[in-house]
Every structure is written in structure tokens, then in C-alpha cells.
Amino acid sequence: MRPSLPRLVRIIRDRAAEGTLAAPLPEPIRSDVRPPTLIQALLKRKEDQGSSYPPNIRIESALPKHALKNVPADIRKELLSVTKER
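Residues numbered from 1 in each chain as written. Predicted model: local features only at pLDDT ≥ 70, side-chain atom pairs only at ≥ 80, totals over all residues. Heavy atoms only, no water.

1. Quick notes on the overall build of the protein chain
- Within the protein chain one finds 4 helices and 0 strands.
- Reading the protein chain from its N terminus to its C terminus gives the helix and strand order α-α-α-α.
- Within the span of the protein chain, comprising 86 residues, buried residues form 5% of the whole.
- For the protein chain, the exposed area adds up to about 9400 Å²; of that, 57% sits on carbon and sulfur atoms. (Helix = DSSP H or I, 4+ residues; strand = E, 2+ residues; numbered from the N terminus. Buried < 20%, exposed > 50% of the residue type's maximum accessible area, 1.4 Å probe, protein only. Areas by Shrake-Rupley, 256 points an atom, 1.4 Å probe, with all protein chains shown as cover.)

If you want it as C-alpha cells, here you go:
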């Protein structure tokens, strides 16, 4: 037997809902401010933790385009694929 629609609707009294608070609204995302990159976030975490940061985690930034300017084209593609952040 299927329940009827009035059976599924639950009425909450006003007194029961007085103490509950709605979840806070999330902050709006601003388009003029860019969020930090993953590397920036990891560097900040490393700086905050200081000497307690694990020594086996190495953070290296990506190579800029002008660093590979004088490298031959066939080797440049291999280098970019190796240094690309995944």
C-alpha cells in the first residue's frame, strides 16, 4: 500500500524551529581576485610549519617559457612534458 501525500508531509511547530539556525551563506567568489595556485599554497604551508615540514616533500615551480628559449624544439617538448604539473 502506498502512503498518501498528506501522510508524507510532516508539520513542524513554530516552537520547535525557534532554536535552529540556518547554515551560513558561503562567501561570494570574487572574479577580480585569483585564488592561490597549488604551488603557492604548498609554499605557504611549508613556511608556516617551518622545520616541522617533512623534508622528503620537494616543491619546485614550473619553468617559464623564456628559460627554454635556446633549447632545440624536439628536446623542448620532452622537457615541458617532464616538468608539467599534473
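2. Section: the pattern of salt bridges
- Counting across every chain of the model gives 2 salt bridges.
- The partner of arginine 30 in a salt bridge is aspartate 32, with the nearest N and O atoms 2.9 Å apart.
- A residue is classified by how much of its surface remains accessible, and aspartate 32, at 57% relative accessible area, is exposed.
- With a shortest N-O distance of 3.2 Å, aspartate 48 and lysine 44 are connected by a salt bridge. Here aspartate 48 and its partner lysine 44 are both found in helix α3 (residues 38-49), 4 residues apart, which amounts to about one turn of the helix. (Salt bridge = Lys/Arg side-chain N within 4 Å of Asp/Glu carboxyl O.)

3. Considerations on the confidence of the model for the protein chain
- Mean pLDDT over the protein chain: 79, with 79% of residues reaching 70 or higher.
- Mean pLDDT values over the elements of the protein chain span from 60, in helix α2 (residues 14-17), up to 91, in α3. (pLDDT = per-residue confidence, 0-100.)

4. Some points on the environment of arginine 58
- Within the secondary structure, arginine 58 sits in the loop between α3 and α4 (73-83).
- Since its relative accessible area comes to 68%, arginine 58 is described here as exposed.
- For the pair formed by arginine 58 and leucine 43, sequence separation is 15 residues and the distance between their alpha carbons is 9.9 Å.

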